[in-house]
Amino acid sequence: MSFPAPAARATAPSAAEATGMPAEARPLLEVRDLHLHYRSAGRTVRAVDGVSFTLDRRGEAIGVVGESGSGKTSLATALMRLLPKSVARFDGQILLDGLDLTALSDEQYRRQVRWRRIAMVFQGAMNVLNPVLKVGTQIAEPLLLDGEGKLDKAAARAKVGSLLERVGLPRDIAGRYPHELSGGQKQRVVIATALVQDPDLLILDEPTSALDVSIQAQIMNLLKDLKEDPGISMLFITHDIGLASDLCDTIAVAYAGEHVEFGPAERVLLEPQHPYTRLLLRSLPRLHATERPRPMPGEPPDLTAPPSGCRFHPRCPSCFAPCPTEHPSAFVLPDGGHSRCWLLDADKVAASRASGAAPGGDAG
Ligand SMILES: Nc1ncnc2c1ncn2[C@@H]1O[C@H](COP(=O)(O)OP(=O)(O)OP(=O)(O)O)[C@@H](O)[C@H]1O
Ligand code: SF4
Ligand SMILES: [Mg+2]
């Protein structure tokens, strides 16, 4: 399913055509009011529901964190335009380096964007490497296909060798089968596979969740290196806000299909503005903390019938008068981030205090 957009254009609009903005001033990725809903058993699942964010520059990493079912993978699926048949709604705007991706047909997207400009390491990808193909063959496959950028076998072999080195593997691993590799090696191969067409943006969906802690640290170090050189931009999806803060410059906190908080990683960690972010941080075990981690209260909502008003209100210790009925706007913060919480509306808080129903509880 494609966007309900002028999909019949013969050629993609150029970046300059799309925005007229000088290249150096353009953000790499702008996502505006993106929706991806599915149909499931006659109901609508609002997996991505009005998500907006900007990835400003090359080499920047955005972490998307949130509980299971909050819509993280669905966001990645939407950016890759790899949509299942069950899609009920798919709209919004996605600009990549000024190029309006929503103006592209599915065919243009496949030829010009997917894997070439936006690539992805899927959740659990290292377990789905083809067991009967040598890893070098799997990495090289897109380089040998007819079309723009096709290489001869020798050039493809050289490219695979240098990529393997770039991800910290010896070149001769190209001649091995997946079952001959450790989990960490397989994950490096998967990352090399995603990088083979030199994408601008790499989406990584829980890339370390199946690895033990020491291998996880090695993969995180590799991602930090790749961010520096060659300066790959990343969308790093994880349920672990601690892991995201280790790699990412910016953090988006996903809850029930929305991004309830967005901003510089340091500020989100040290001065979270949304009660859900505060509870997420409080649920983390810390090495030298005096306080024990506290589990997140309640259960994630059913996305076929998300709560009215603020979607977090049934679990929020700070819930007050407007929360159960009024959907909070994304309040812009001084650092350019945002938080979707009525506590940032001074008038609502004052009105509530005046009526004797001040925001309650402690999510701090
Ligand atoms: N193809 C699909 N058809 C119908 N519903 C789907 C489909 N894919 C995902 N969903 C639903 O969309 C919601 C968001 O799912 P998604 O996989 O994006 O969450 P997630 O944040 O990635 O979760 P996790 O952390 O468990 O990977 C869930 O309710 C899920 O059941
Ligand atoms: S205070 Fe209200 S708006 Fe803010 S997170 Fe809690 S329930 Fe939502
Ligand atoms: Mg997922």
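Residues numbered from 1 in each chain as written. Chains lettered and ligands numbered in written order. Predicted model: local features only at pLDDT ≥ 70, side-chain atom pairs only at ≥ 80, totals over all residues.

Novice: Would you take a moment to explain the sheet that holds strand S5 (residues 99–100) for this structure?
Specialist: Sheet strands pair via backbone hydrogen bonds, and the direction of the pair is either parallel or antiparallel. The strand order across the open sheet built from four strands is S2-S1-S4-S5, with neighbouring strands paired in antiparallel fashion. Of all strands in the sheet, those with a lone pairing partner are strand S2 (43–55) and S5, marking the two edges. (Pairing = 2+ DSSP bridges. Helix = DSSP H or I, 4+ residues; strand = E, 2+ residues; numbered from the N terminus.)

Novice: When you look at the site of ligand 1 in this model, what are you seeing that I'm missing?
Specialist: What surrounds ligand 1 is a group of 17 residues, the closest being Tyr-38, Ser-68, Lys-72, Thr-73 and Ser-74. At the level of elements, strand S1 (29–40), S2 and helix H2 (72–80) are the ones that each hand at least two residues to the shell around ligand 1. At three residues, H2 tops the list of elements feeding residues into the shell around ligand 1. Looking at side-chain class alone, the shell around ligand 1 contains five nonpolar, 11 polar and one charged residues. (Near = placed C-beta within 6 Å. Nonpolar A, V, L, I, M, F, W, Y, C, P; charged D, E, K, R; others polar.)

Novice: What is the right way to read the site of ligand 2 from this model?
Specialist: Close contacts around ligand 2 come from 14 residues, with Cys-310, His-313, Cys-316, Cys-323 and Cys-341 the closest. Its residues assigned to classes, the shell around ligand 2 shows 11 nonpolar, three polar and no charged.

Novice: Would you explain the environment of Leu-333 in this entry?
Specialist: You can see Leu-333 is positioned in the loop between strand S11 (331–332) and strand S12 (338–339). The exposure class assigned to Leu-333 is partly exposed, which follows from the 18 C-beta atoms found within 10 Å. Taking C-alpha positions, Leu-333 is 9.9 Å from Glu-261, a pair spaced 72 residues apart along the chain. Excluding anything up to four places from it in sequence, Leu-333 contacts Gly-263, Gln-273, His-338 and Ser-339. (Buried ≥ 20, exposed ≤ 12 C-beta atoms within 10 Å, placed from the backbone. Contact = placed C-beta atoms within 7 Å.)

Novice: When you look at unusual backbone geometry in this model, what are you seeing that I'm missing?
Specialist: Trans is the common state for peptide bonds, and a negative phi is the common state for residues other than glycine. With an omega of 20 degrees, the peptide bond between Asp-229 and Pro-230 qualifies as cis. Summarising the element assignment, Pro-230 is placed in the loop between helix H7 (213–228) and strand S8 (233–238). Its identity is not glycine, yet Asp-97 carries a phi of approximately 50 degrees, on the positive side. Mapping Asp-97 onto the fold places it in the loop between strand S4 (87–96) and S5. For Asp-198, which is not glycine, the phi dihedral falls at a positive 50 degrees. Within the secondary structure layout, Asp-198 lies in the loop between helix H6 (183–195) and strand S7 (201–205).

Novice: Before we go on, may I ask you to explain the sheet that holds strand S9 (residues 250–255) in this structure?
Specialist: Taking strand neighbours across the sheet as the criterion, the eight strands line up as S6-S7-S8-S3-S9-S10-S12-S11 in an open arrangement whose pairing is mixed. The open sheet has two edge strands with one neighbour each: strand S6 (118–121) and S11. In this structure, strand S3 (residues 61–65) lies alongside S9, joined through four bridges in parallel fashion. Looking across to S9, one finds that Gly-63 is bridged to Ile-251.

Novice: Would you explain the nonpolar core in this entry?
Specialist: Nonpolar side chains tend to gather and get buried jointly when the protein is soluble and globular. Counting 92 residues, the largest nonpolar core has Ile-62, Ala-192, Leu-202, Ile-203, Leu-235, Phe-236 and Val-253 as its most contacted members. Setting aside chain neighbours within four positions, we find Leu-235 in contact with Ile-62, Val-64, Ala-76, Leu-201 and Ile-203. (Core = buried A, V, L, I, M, F, W, Y, C linked by C-beta atoms within 7 Å.)

Novice: What should I look at first to understand the packing of H6 against H7 in this one?
Specialist: The relative placement of two packed helices is expressed as an angle between their axes plus a distance between the axes. Packing of H6 against H7 leaves a shortest axis separation of 10 Å and a crossing angle of 25 degrees. Relative to H7, H6 is oriented roughly parallel. Where H6 crosses over H7, the handedness of that crossing is right-handed. On the side of H6, the interface is formed by Gly-183, Gly-184, Gln-187 and Arg-188, while H7 contributes Ile-215, Gln-218, Ile-219 and Leu-222. (Axes fitted to C-alpha atoms, helices over the stretch in contact; angles between N-to-C directions. Parallel < 35°, antiparallel > 145°, perpendicular 65-115°, else oblique. Left-handed = near helix turned anticlockwise from the far one by under 90°.)

Novice: I would appreciate a short explanation of helix H5 (residues 153–166) in the present structure.
Specialist: Given 3.6 residues per turn, any residue in an α-helix points the same way as the ones three and four places further on. The end-to-end C-alpha distance of H5 is 20 Å, a good match for the 20 Å that 14 residues give at a rise of 1.5 Å each. When we look at burial in H5, the residues that qualify are Ala-156, Val-160, Leu-163 and Leu-164. Burial along H5 is one-sided: seen end-on, the buried residues are contained in an arc of 100 degrees. H5 presents Ala-154, Ala-158 and Ser-162 as exposed residues on the side facing more than 90 degrees away from its buried surface. The inward-facing, buried residues of H5 abut helix H4 (135–140) and H6. Gly-168 sits one or two positions beyond H5 and adopts a positive phi of about 85 degrees. (Expected span 1.5 Å × (residues − 1). Arc of directions from axis to C-beta.)

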